[in-house]
Amino acid sequence: MTKPIILPLFFLLITLITVDSQAQSQQLADRLFKVHETYREASLTQRRFKQKDILPLISKRQGNALYQIETVGESFEGRTIQMIKIGSGKKKVLLWTQMHGDEPTATMASFDIFNFLEGKNDGFDDLRKKLLDNTALYFVPMLNPDGAERYQRRTMQGIDMNRDAAARQTPEAQILKGLVDRLKPDYGFNLHDQSPRYSAGRSPKVATISFLATSYDYELSINDVRERSMQLIVGMNKVLQKYIPGQVARYADDHEPRGFGDNVQKWGTTLVLIESGGRVGDPEKQYIRQLNFMAILSALDKISDNSLTKENREEYYNIPENGRWVYDLVVRNATVRQSGKSFTADLGINRNEVNYANATKFFYYSKIEDFGDLHPQYGSQEVDATGLTIEKGKLYPTAFKNVSEISKLNALNLLREGYTYVRLAPDANTRALGLYFTTAPLHILRSGQAVPTGTPGLGATATFILKKAGKVKYAVINGFVHDLDDFNAEKGQGIVE
Ligand SMILES: [Zn+2]
């Protein structure tokens, strides 16, 4: 008689315990999210920082009993690469960031984590003690400083070091392999940024954080090592959903025999890949940095007490894969006139970043990257051009001596008359010969630069007008939309080509 009662009670108890531990995880994550502002490293404010910006943050910690700082090697160009050890526990965790030079979000978060671990009397002392007693954290921030110097993915040698885990022709890859061999870490965090334009599954939302429990073989097998990686990801996904609902995704898990993630997993370390993606309105990824801080510390908490094993690895597969491309701008249903005929097309436009000022700053250069039926795809910004005709803008008849003279023009009047292009005189004073930007909402052409011909289409710079009943309604200049009925010249992100 008792059995039928006891069994459901037992499952009820298990369910209650699980719900309770999930509530605790969320509570901790929420508190970490909140406290981030206190520990945000104030000297890192945007993505284009270099090794010289983080060296003082490392050297000021020399002599602090919390840390052991060790030089682990040199980049190809001779920049010293350092490892920062914190904690004295048995579980070894190796965390490296920015093996791709233009992927700095987790580097910023790492210094926030150091600041946090130095704090006290803020309600987190128990967590700090638990982390430092049970784990030894080995951080290698900015593994590819030469790439960061140029804000480029690849190393100075032109090699993608995440495809160099097997051949190891870069000193940076040799350093990482050496550390994995020497430390034999139980856990590894391979911290990256991905394109900000992946959607989470088929949704219109961009993937703000993507995860991968890397595969150690082509069969995508799951051993204990990889299972723990899935469990860690399941835990991080749960706490992130509150902040970025529907915007967590997972990278396709095809085995990459040259990748570090795949090989480290194969060499026996539970490896978690975290990719910081995109978020509309957060181009410098400061919110995503805060999410990194919260998610990484949450995961370290679960490593420190082994509570990660309570997560169900099957839930890993419920996370949607990185999906289709989300364009920065989609113009829908524009009427295109070509060769005396008329048809409807969508335009997929991306605003690509171009480095300048020694790769400390960037401007946007926007291209029409797809043209035709884009109904399954989305834009972070969308313009409904139903009933509007797309046309190439006209060239203003006067040439100017310099960009600042052009900036003084009444851009709204020009755009209303259909002028999108303004030319610089042959003797014009321009800062540089290459591509440059202007705050004027106009498309400036250097002398000798041909005026685009034909209907704006695939591959063209995203400058055109959209007319309604013969009147210009929208001007799109370098991928930025200007509604002429609600015009704001301040929003200019023009281009000098
Ligand atoms: Zn990367």
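It should be emphasised that the depicted structure is a prediction, and the values quoted were computed from it without experimental measurement.

Structural notes on the overall build of the chain
Phase 1 of the analysis: For the chain, the helix and strand inventory stands at 11 helices and 22 strands.
Phase 2 of the analysis: A globule of 497 residues ought to have a C-alpha radius of gyration of about 23 Å, and the chain, at 26 Å, matches this closely.
Phase 3 of the analysis: Counting only C-alpha atoms and orienting by the principal axes, one finds that the chain spans roughly 85 × 65 × 45 Å.
Phase 4 of the analysis: Each of the 497 residues in the chain was classed as buried or not, and the buried ones make up 54%.
Phase 5 of the analysis: In the chain, the proportion of contacts linking residues at least 24 apart, taken out of those at least 6 apart, comes to 75%.
Phase 6 of the analysis: Taken as a whole, the chain presents about 21,700 Å² of accessible surface, with 51% of it coming from carbon and sulfur.

Re the UniProt feature "active site" (unreviewed entry) in the chain
Phase 1 of the analysis: Within the UniProt annotation, "active site" (unreviewed entry) is assigned to Glu256.
Phase 2 of the analysis: When you line up the elements, glutamate 256 lands in the loop between β8 (248–250) and α8 (260–266).
Phase 3 of the analysis: Taking relative accessible area as the criterion, glutamate 256 reaches 18% and is therefore assigned buried.
Phase 4 of the analysis: Here glutamate 256 is in contact with Arg163 and Asp262, once residues within four sequence places are set aside.

Observations concerning the packing of helix α4 (residues 125–134) against helix α9 (residues 286–304)
Phase 1 of the analysis: α9 packs onto α4 with a crossing angle of 60 degrees between their chain directions and a minimal axis gap of 9 Å. Relative to α9, the element α4 is oriented oblique. Relative to α9, α4 is oriented so that their crossing is left-handed. For the pair α4 and α9, contact is made by Leu127, Lys130, Leu131 and Asn134 and by Leu297, Leu300, Asp301 and Ser304, respectively.

With respect to the pattern of salt bridges
Phase 1 of the analysis: On inspection of all chains with the given rule, the structure shows 36 salt bridges.
Phase 2 of the analysis: Here lysine 238 ties to glutamate 311 by a salt bridge, and the two come within 2.6 Å at their closest N and O atoms. Residue lysine 238 is located in helix α7 (residues 224–241), and its partner glutamate 311 is located in the loop between α9 and β10 (322–338); the two are separated by 73 residues in the primary sequence.
Phase 3 of the analysis: Here the salt bridges share partners, and the residues they tie into one network are Glu77, Arg79, Asp146, Glu149 and Arg150.

Overview of the coordination of the zinc ion
Where a metal carries four tetrahedral donors, each ideal angle is 109.5 degrees; where it carries six octahedral donors, the ideal angles are 90 or 180 degrees.
Phase 1 of the analysis: Protein-derived ligands of the zinc ion are His100 (ND1), Glu103 (OE), Glu103 (OE) and His192 (ND1), with the metal-ligand distances lying across 2.0 to 2.6 Å.
Phase 2 of the analysis: Metal-centred angles of 55 to 151 degrees between the four donor atoms at the zinc ion mark the site as irregular.
Phase 3 of the analysis: Going along the chain, you hit the donors of the zinc ion in the pattern H-x2-E-x88-H. Here histidine 100 and glutamate 103 have matching classes, each one buried.

About the criteria used
- Residues numbered from 1 in each chain as written.
- Predicted model: local features only at pLDDT ≥ 70, side-chain atom pairs only at ≥ 80, totals over all residues.
- Heavy atoms only, no water.
- Helix = DSSP H or I, 4+ residues; strand = E, 2+ residues; numbered from the N terminus.
- Rg over C-alpha atoms; globule rule 2.2 N^0.38 Å.
- Buried < 20%, exposed > 50% of the residue type's maximum accessible area, 1.4 Å probe, protein only.
- Contact = heavy atoms within 4.5 Å.
- Areas by Shrake-Rupley, 256 points an atom, 1.4 Å probe, with all protein chains shown as cover.
- UniProt positions renumbered as here; feature names shortened; annotations may be inferred.
- Axes fitted to C-alpha atoms, helices over the stretch in contact; angles between N-to-C directions.
- Parallel < 35°, antiparallel > 145°, perpendicular 65-115°, else oblique.
- Left-handed = near helix turned anticlockwise from the far one by under 90°.
- Salt bridge = Lys/Arg side-chain N within 4 Å of Asp/Glu carboxyl O.
- Donors = N, O, S within 2.8 Å, 3.2 Å for Na, K, Ca; no water.
- Tetrahedral: all angles 85-135°; square planar, octahedral: opposite > 155°, others 65-115°.

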